[in-house]
Structure formats: structure tokens, C-alpha cells
Amino acid sequence: MTRLFAPLAQRSIVMRNRIAVSPMCQYSATDGVPDAWHLVHLGSRAVGGAGVVMAEATAVSPEGRISPADTGLWSVAQAQAWAPVAAFARAHGAVPAVQLAHAGRKASTQVPWLGRLAVRPEDGGWQVVAPCGGAYDAGYPEPVALDAAGIGRVIDDFRAAARRALDAGFELVEIHAAHGYLLHQFLSPLTNHRDDAWGGDFEGRIRLTLEVIAAVREVWPERLPLWLRISATDWADDGWDLEQSIALCRQLGDAGVDLVDVSSGGLVPWQRIEVGPGYQVPFAGEIRRASGISTGAVGLITSATQAEDVLAREDADMVLLGRELLRDPYFPQHAARELGADLPVPVQYARAW
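Description of the structure in this document. None of these values were measured; they are calculated from a predicted model.

**Some points on the packing of helix α1 (residues 36-47) against helix α2 (residues 76-91)**
The contact between α1 and α2 brings their axes to 9 Å, and the two run at 15 degrees. Comparing their axes, α2 and α1 come out roughly parallel. Once α1 is placed against α2, the crossing between them reads as right-handed. Across from H38, L39, L42, G43, A46 and V47 in α1, the residues of α2 making contact are W82, P84, V85, F88 and A89. For the contact of α1 with α2, the residue count by class is nine nonpolar, two polar and no charged.

**Considerations on the sheet that holds strand β4 (residues 52-59)**
Judged by pairing direction, the barrel is parallel, and its eight strands sit side by side in the order β3-β4-β5-β8-β9-β10-β11-β12 before closing back on the first. Adjacent strand axes in the sheet meet at a mean angle of 30 degrees, parallel and antiparallel pairs treated alike. Taken together, the five bridges between strand β9 (residues 226-231) and strand β10 (residues 259-263) define a ladder with parallel strand orientation. Bridge pairing links W227 to L259 in β10. Packed on one face of the sheet, helix α9 (residues 281-291) meets β9, β10 and β11 (294-297) and runs near 180 degrees to β11.

**Section: the packing of aromatic side chains**
Per the counting criterion, the structure on display carries six aromatic pairs. Pairing W82 with F170 gives two aromatic rings, centres 5.7 Å apart and planes at 65 degrees, and the pair type is edge-to-face. Of the two residues, W82 is situated in helix α2 and F170 in the loop between α3 (148-168) and β8 (172-177); the sequence distance between them amounts to 88 residues. Arranged with centres 6.1 Å apart and planes meeting at 10 degrees, the rings of F202 and W240 form a pair that is stacked. One end of the pair, F202, is in helix α5 (residues 202-205); the other, W240, is in the loop between β9 and α7 (242-249), with 38 residues separating them in the sequence.

Procedures and definitions
- Residues numbered from 1 in each chain as written.
- Predicted model: local features only at pLDDT ≥ 70, side-chain atom pairs only at ≥ 80, totals over all residues.
- Heavy atoms only, no water.
- Axes fitted to C-alpha atoms, helices over the stretch in contact; angles between N-to-C directions.
- Helix = DSSP H or I, 4+ residues; strand = E, 2+ residues; numbered from the N terminus.
- Parallel < 35°, antiparallel > 145°, perpendicular 65-115°, else oblique.
- Left-handed = near helix turned anticlockwise from the far one by under 90°.
- Contact = heavy atoms within 4.5 Å.
- Nonpolar A, V, L, I, M, F, W, Y, C, P; charged D, E, K, R; others polar.
- Pairing = 2+ DSSP bridges.
- Phe/Tyr/Trp six-rings, centres within 6.5 Å; stacked < 30°, edge-to-face > 60°.

And the structure:
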């Protein structure tokens, strides 16, 4: 059997292969409630054969949304709307997963196809929060620094959203601490200039991320896996980097994290990213070898042989595909055929394969 199509067991869950749908915002919800678009979008990837189907960055609170069209898990109604999506993915052999997120200072912005700039209060925008003051970029909203009570609410929001994810039938939760969103803003010295317990040195800057993990683990069953997405580097001088990522990841196993989904960038507009096929895979490999934790690799992985090579080099335990699965929801089926692996096809489609 190829490595790409070998099962992966984490806690009580067995993933049928090492292909995961990377969380990709659809900006298509109303009041945080997913609809038929999300069922078809995620359901298609389950039918297509992915081992894990992960829903997009889903806000733990209204002010944690990137845009007014983001999905959420801060209400019972949202959990109920997610339930058929999770059930459909599970019925078709995929592990249903969701990424829990808070956008911090990158919240209250327009959907990408409308320009990504701040949503004005009269148009439904809201006050954004961050570790410190300072907008992400020109045209973005100015954040208010969180006080201790506000940080406590953020932790509570992640805990409550994880409980609702369980109620909705998800079997895997990923905490979003990457791409310049709130937890990443606390991690990086470029955006965290606090002088209290949640700032200053490395231990202070990672505190909120560890507190959120602990809060989620309080309600997320031991039998179910928990992932964390990080940006391995800010691609900017004096920022969060691979060395700090490794130091954080060495603490995550004891904290209850089963896999680190290793991305990069997104914190500051002056980042300098060296983009190319598989450009983020080496970060996943370095973290895996140096910390001993399982990793997921992302970043311009577009072919079956490329994905297989990532696993064969032991750079990662999973590959997470984004844009390639937007282009081709049946990538796993095509990859299985190319690599000579057996991936069952839904009976309704068997005559085509």
C-alpha cells in the first residue's frame, strides 16, 4: 500500500487515508449559519475520498469572524446547521472536522471578492480586538487591546465552541493559531507588545494558545483527536520563527494536541514569502523531527506523487490540500488510481470508475 492511502489512527478515530481537506473559508454563511453550499462543498470532498473533511475557519464568537459571511459555532442554531454536514461526511467514510478560529485584528473585513477592507459599523461591522493596538494594514479596522477579562472571554468562547462542535457530530477539532489571526497575534513578538502575563518573553506569548488548548480539552473527549494549526514562520525579521515553533510544539503533546498543521505567514503585510511547490513542507518536517509530534504538511501540494513523496520522506503524517481540492474534489480517487491504491467509490458512482 502507498503511504498516502495507508490509514492513520489517532485516539479512537481511524482516517482512511492521509489526505485532509484543508479548511478553506467559503464566505457564504448568514449570521454564522452554514447552508446548502457548505453541505455540497464539504460533502463532495467526502464523496471524493478524502480521509478528513475539515470545515472552514469557524468563528467562536461574532467578533471573531473574518467577515460577516463567516460560519460560526457560538450558537445552538449554528451547531444544528452543522450537524447534517458532519453526518454526511461521516456516512461517506470521511472524518468530519472543523477549525475553530478567532480573527483578532483581521476581523470585520469584507469578503475577498469585495475587497477585504474594513466593514463599516453602519454596514454591519464591529469593534475588533487584539493583543495590542495597531491595525493589520491601511484600510483595516483599528483593534482594541484585550484586557484580562477579554482574554478570559476568548478562552471561554473556544471552550463553548468545542462543546458545540461535539454536539454537531464533528470528530476532530483544529484550533487556528496561524495566518495572523488572534492566537498567532499573541504568539509573535511583532504583534504582541504586552508587558503582562500574556506577553513579553516566549512563555508569556504562548500562554493564551496553551490556555485555549486546555479549555478545549476540558470539553473535547479524550477519545477524539485535537489538532493545532500554526504559522511556522512570519517570513519577517524579528518575528515568530521555526525555532519558536519547535519550542511550542515540544509542549503540545502533553497539552493534548495530536497533530500540528504546519502553515506559515499571514501576520504582517510586509512578509517576504518564498513561494514554490511544497514550499511549506520543510517546516512540517523540521517540526516533526525536532519535537516528536505528528505534523500535517500544506502548501502547493498538487499531485499524487508529490503528496506521496512528502510522506515517504517522513516530513509529515498527513497532507492537507486546499486549492487542488477546490479544483478537483475527486483528487483522492484520481491519486489512488495513479498510485495503484484501492479507494472505494460510492456505489452510485461505481460504474464510472
